[in-house]
Amino acid sequence: KGVDLALPVGSFTARVGASGCGKSTLLQCIAGLDAATAGTVRLLGTRTSSLRPRPAARFRARHVGFVFQEYNLIASLTAAENVSMPSRLAGNPLPDSQIRESLEAVGLGHRANLKPHQLSGGERQRVAIARVMASQPRIVFADEPTGALDLDSTGLVLDWLRELASRGTTVVMVTHDVEAAALA
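Cut-offs used in this document
Along every chain, residues carry numbers that run from 1 in the direction the sequence is written. Per-residue local features are limited, in this predicted model, to residues with pLDDT of at least 70; the limit for side-chain atom pairs, both in listing and counting, is 80 or more; totals at the level of whole chains, interfaces and linings are taken over all residues. Side-chain calculation: all heavy atoms of the structure are included, whereas hydrogens and water are not. Secondary structure elements are defined from DSSP: runs of H or I of at least 4 residues count as helices, runs of E of at least 2 residues count as strands, and each element is numbered from the N terminus. Note on method: radius of gyration uses C-alpha positions; expected globular size equals 2.2 Å times residues raised to 0.38. Per-residue accessibility, obtained with a 1.4 Å probe over protein chains only, is compared with the maximum for each type, and a residue is labelled buried under 20%, exposed over 50%, and partly exposed between these values. Values of accessible area rely on a 1.4 Å probe in the Shrake-Rupley scheme; residue burial ignores everything except the protein chains shown. In summary, the charge assignment counts Lys and Arg as positive and Asp and Glu as negative, without counting His or the chain termini. A charge is said to be at NZ when it belongs to Lys, at CZ for Arg, at CG for Asp and at CD for Glu. Here, a salt bridge means any Lys or Arg side-chain nitrogen found within 4 Å of an Asp or Glu carboxyl oxygen. Within this analysis, the arc is defined by the directions that extend from the helix axis to the C-beta atoms. The contact criterion used throughout is that any non-hydrogen atoms of two residues lie within 4.5 Å.

Student: Lay out the overall build of the chain in plain terms, naming residues and giving numbers.
Tutor: Counting secondary structure elements, the chain contains 7 helices and 6 strands. Whereas a compact globule of 184 residues would reach a radius of gyration of roughly 16 Å, the chain reaches 16 Å, a difference of no more than 12%. Taken along its principal axes, the extent of the C-alpha atoms in the chain is 45 × 35 × 30 Å. The buried share of the chain, reckoned over its 184 residues, is 43%. Entry remark: accessible area of the chain is about 9,900 Å², with carbon and sulfur atoms responsible for 49%. Where the 20 positive side-chain charges of the chain centre and where its 16 negative ones centre are 12 Å apart.

Written as structure tokens, this is what we have:
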């Protein structure tokens, strides 16, 4: 109740809290994946809380990227195909070079043709980061993006989220990990 939040362009903001306290619900309401029970949500000057489902989905496809704890990769697609999926769904397919560059940026250029079950958890999360990097959204929502990762993979994922913010993308992360939040 009573949440007011304004995020500057290119900021990296973390919301910390224990499991079950509503972090993910808040994130999903801001992102338009869930409807707020009251109030208004605006993203990039658009009142997203009043958009109908199709226009809301189009808005998210054009402007928003997501990094989830469970990766949300499509099992039947390769890493490269998973990276390209959001832009294809938005009707704006990316050139192969942009997909390749995104996978190379996260150290997975050599694994582009592998399917998710052939990748480690850290590699799957890096594919999810590459998917966001390739799409170049203006806002990224990250829901416990390091929750299932080892220490090295956690550091890499947080570095990439910070890199996105340094390039002008607004990053919003929810986590129970105080050390991860301290890097935001």
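So, next bit.
Student: Mind laying out unusual backbone geometry, listing which residues take part and the relevant values?
Tutor: Even without being glycine, Leu44 reaches a positive phi, approximately 50°. By secondary structure assignment, the location of Leu44 is in the loop between strand E2 (42–43) and strand E3 (46–47). In the Ramachandran plot, Glu144 falls in the positive-phi region, its phi being about 50° despite a non-glycine side chain. With respect to the helices and strands, the residue Glu144 is situated in the loop between strand E5 (139–143) and helix H6 (151–166). A residue is classified by how much of its surface remains accessible, and Glu144, at 8% relative accessible area, is buried.

Student: Could you give an account of the pattern of salt bridges, naming the residues involved and the relevant values?
Tutor: Going through the model one piece at a time under the given rule, you end up with 3 salt bridges. Of the charged contacts in the structure, one is a salt bridge between Lys23 and Glu144, with a shortest N-O distance of 3.7 Å. With Lys23 in helix H1 (residues 23–31) and Glu144 in the loop between E5 and H6, the pair connects residues that are 121 residues apart, well separated along the chain. In this structure, the salt-bridge partner of Arg111 is Glu123, at a minimum N-O distance of 2.9 Å. One end of the pair, Arg111, is in the loop between helix H4 (96–105) and helix H5 (121–135); the other, Glu123, is in helix H5, with 12 residues separating them in the sequence. A residue is classified by how much of its surface remains accessible, and Arg111, at 21% relative accessible area, is partly exposed. Residue Glu123 is classed as buried on the basis of its relative accessible area of 13%.

Student: Give a detailed account of the environment of Ser84, specifying residues and quantitative values.
Tutor: Mapping Ser84 onto the fold places it in helix H3 (residues 79–89). Residue Ser84 is classed as buried on the basis of its relative accessible area of 6%. Each C-alpha atom, one on Ser84 and one on Ala57, is 17 Å from the other, the two residues being 27 residues apart in sequence.

Student: Can you lay out the environment of Leu156 for me, pointing to particular residues and giving the numbers?
Tutor: With respect to the secondary-structure elements, Leu156 resides in helix H6. Given a relative accessible area of 34%, Leu156 falls into the partly exposed group. Between the alpha carbons of Leu156 and Gly122 there is a distance of 9.1 Å; along the sequence they are 34 residues apart.

Student: Lay out H4 in plain terms, naming residues and giving numbers.
Tutor: Because each turn of an α-helix spans 3.6 residues, side chains separated by three or four positions in sequence point in the same direction. Looking only at H4, the buried set comprises Gln98, Ile99, Ser102 and Leu103. Angularly, the buried residues of H4 cover 135° about the axis, an arc narrow enough to put them on a single face. Of the exposed residues in H4, those oriented more than 90 degrees away from the buried face are Asp96 and Glu101. Looking at the buried side of H4, the elements it contacts are H3 and H5. Just downstream of H4 lies Gly107, where phi reads positive at about 75°.

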